[in-house]
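# Coordinates in review
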Amino acid sequence: MANTRSAKKMVRKIERRTEVNKARRSRMRTFVRKVEEAIASGDKSAAADALKAAQPEIMRAATKGVIHKNTSARKVSRLAARVKAMA
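Small disclaimer: the values here were computed from a predicted structure and weren't measured.

About the cut-offs
Residues numbered from 1 in each chain as written. Predicted model: local features only at pLDDT ≥ 70, side-chain atom pairs only at ≥ 80, totals over all residues. Heavy atoms only, no water. Helix = DSSP H or I, 4+ residues; strand = E, 2+ residues; numbered from the N terminus. Buried < 20%, exposed > 50% of the residue type's maximum accessible area, 1.4 Å probe, protein only. Contact = heavy atoms within 4.5 Å. Areas by Shrake-Rupley, 256 points an atom, 1.4 Å probe, with all protein chains shown as cover. Lys, Arg positive; Asp, Glu negative; His and termini not counted. Charge placed at Lys NZ, Arg CZ, Asp CG, Glu CD. Salt bridge = Lys/Arg side-chain N within 4 Å of Asp/Glu carboxyl O.

Time to look at the overall build of the protein chain. A count of helical and extended segments in the protein chain gives three helices and zero strands. Along the protein chain, helices and strands appear, N-terminal first, in the series α-α-α. Among the 87 residues that make up the protein chain, the fraction classed as buried is 28%. At a minimum sequence separation of 6, the contacts of the protein chain that also span at least 24 residues come to 57%. Here the protein chain has roughly 6,400 Å² of accessible surface; of this, 52% comes from carbon and sulfur atoms. Positive and negative side-chain charges in the protein chain, numbering 24 and 7 respectively, have mean positions lying 11 Å apart.

Rendered as structure tokens:
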């Protein structure tokens, strides 16, 4: 357990930051899931709209340090390829 005042303060800061990051990660995953559900349903226009909404969320997660920049680029790229490949 933290002994010094500064260590105790860091524990409090980390707890708050963890909550924010969890919320951001959850929000991003929700947007990604909406794209995947639209792809599964076979509705290309809905999938394209969902991707348009998901892309900024994924990139925002990278900007805020929730996920790595390359991970966000890979996720967007793969989702875009799947939407494009729809009949």
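That covers the picture; the talk isn't over yet.
Before going further, it helps to spend a moment on the pattern of salt bridges. Scanning all chains against the criterion turns up four salt bridges. A salt bridge links Glu-57 to Arg-27, with the shortest nitrogen-to-oxygen separation between them at 3.0 Å. Placement of Glu-57 in helix 2 (residues 44-63) and of Arg-27 in helix 1 (residues 5-41) is noted, with a sequence separation of 30 residues between them. Given the relative accessible area of 45%, Arg-27 is considered partly exposed. For the salt bridge of Arg-82 with Glu-36, the shortest nitrogen-to-oxygen distance reads 3.8 Å. You can see Arg-82 sitting in helix 3 (residues 69-84) and its partner Glu-36 sitting in helix 1, a full 46 residues away along the chain. Overall, Glu-36 belongs to the partly exposed group, its relative accessible area being 34%.

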